[in-house]
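Architecture at a glance
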Amino acid sequence: MKAMPLTDVSSIIDLGAGGGVLSDAASRRWAAAAITTVDIDPACGVAMRERLPHRNRTHYVLDALDPEILAKVGRAGQFDAAICNPPFKKIEWRGGYERVLSEAGLADCFSTESDVTAEALFLAQNVRLVRRGGTVGLIVPDSFISGRSASSLRNAVVRCHRVRAVIQLPNGSFARTEANSYLLVFDNKLNSEDAISLHRFSLDGGLSPAIMVDPKLAVRRLDYDFHAMERNESTQTLASLEASVFRGTMAAAECKAASRFVFHTSDFSQARDGQFFGPNAVASGPSARAGDILMARVDRSLETKIAIVRAGNFNVSDCTFVVRVDERHRERVFAALRSEEGRSKIRSASRGVGARHLSKSELLAIPLI
């Protein structure tokens, strides 16, 4: 919450307040502010009152995504600040959500109703409830910050609001989810071309120095690790080395059913110290040969699955990248990708929750140390 202003905050709303962890922290930072909490579970309000009585706190037992919430809570559209940690889950579309998105200026960010995420609707509700110039602090998942499907949503946020900061939180910050999470802080309905401060927060090191990025980069991604990687002094990349990168066409099930050997991500376990000796089993389609570097394209720990082909010629699955680079650079590239720093950069460049994925364009741009 230190990324949010200390002054000019007399009223705060916390949607989906749960047990009140965020609102309790808000009451300590803004001691004189009136705090409004909203949660659909009646037990949440009871728990908050028992644990931390607050004379300036008002609780509503409501669905935080209720399209009519503006008429049901006090000071609607006039709150000075909002804090919110929405659930990272798929929502079921309901009538009225289109109005919520439209009034928040987000209606054009989604092609279909099924594309709308919970964090997008919570974002929209906070935009509706907070006054112009008020500040919103919203916890968002990795998919919001770096996912391609969210590029229009990120662009709309940056275009229509002044983004103060995006803070990358430690892994496992929230129970029952593997999703990387971030704190997005923006001033509501204030257009700005100011650079955006990106930070990483760690339990041992605290808040990192800021990386300042142009708002135009938001359409690509807004995670600290990625932009820190791109600013590395090294400029040599797979692209600059004119490497060829391609993937197979066979799905995992087809690989298992094939009569010949097809390399899949499960076969990285057969590589000793990253050296893979395969059979001569090539058929039609993309294939790997001696000297090629194999990398997992989709996997929970894809940064650890890197091997060089020392013998053989075989097809690969669509979950596997084949990196083909001039033999003058081959061993250096292989060592760079498998180094601790290289693996860290690969993970930073990947996206997703659980099984992460790496795009060809991001792979080609990874700095090689």
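Source: prediction; values computed, not measured.

Basis of the calculations
- Residues numbered from 1 in each chain as written.
- Predicted model: local features only at pLDDT ≥ 70, side-chain atom pairs only at ≥ 80, totals over all residues.
- Heavy atoms only, no water.
- Axes fitted to C-alpha atoms, helices over the stretch in contact; angles between N-to-C directions.
- Helix = DSSP H or I, 4+ residues; strand = E, 2+ residues; numbered from the N terminus.
- Parallel < 35°, antiparallel > 145°, perpendicular 65-115°, else oblique.
- Contact = heavy atoms within 4.5 Å.
- Nonpolar A, V, L, I, M, F, W, Y, C, P; charged D, E, K, R; others polar.
- Disulfide = S-S within 2.5 Å.
- Buried < 20%, exposed > 50% of the residue type's maximum accessible area, 1.4 Å probe, protein only.
- Polar contact = N/O pair within 3.5 Å; in protein donor to acceptor, adjacent residues only side chain to side chain.

Pairs of packed helices are described in terms of their axes, by the angle between the two and the distance that separates them. Following both chains from N to C, one finds helix 9 (residues 330-338) and helix 10 (residues 340-349) inclined at 70°, their axes separated by 4 Å at the closest point. Classified by the angle their axes make, helix 9 and helix 10 are roughly perpendicular. Note on element contacts: helix 10 touches helix 9 through Glu340, Gly342, Arg343 and Ile346, opposite Ala336, Leu337 and Arg338. Considering only residue class, the contact of helix 9 with helix 10 consists of three nonpolar, one polar and three charged.

Okay, the state of the cysteines next. Tallied over the entire structure, the rule returns zero disulfides. Free cysteine Cys109: the closest other cysteine sulfur is in Cys160, separated by 8.1 Å. For Cys319, which is in no disulfide, the shortest distance to another cysteine sulfur is to Cys255 and amounts to 7.8 Å.

With a phi angle near 60°, Lys189 is a residue other than glycine that sits in the positive phi range. Among the residues examined, Lys189 registers a relative accessible area of 32% and is labelled partly exposed. The residue Glu242 is not glycine, and still its phi comes out positive at about 60°. Within the secondary structure, Glu242 is located in the loop between helix 7 (224-230) and strand 11 (244-247). In this structure Glu242 comes out as exposed when scored by relative accessible area, which is 72%.

Our next topic: the side chain of His199. By the element assignment, His199 lies in strand 8 (residues 196-202). Given the relative accessible area of 12%, His199 is considered buried. Only 2.9 Å separates the side chain of His199 from the backbone oxygen of Ser208, close enough to count as a polar contact. In contact with His199, not counting residues within four places along its chain, are Ala165, Val166, Ile167, Gln168, Leu207, Ser208, Pro209, Ala210 and Tyr224.

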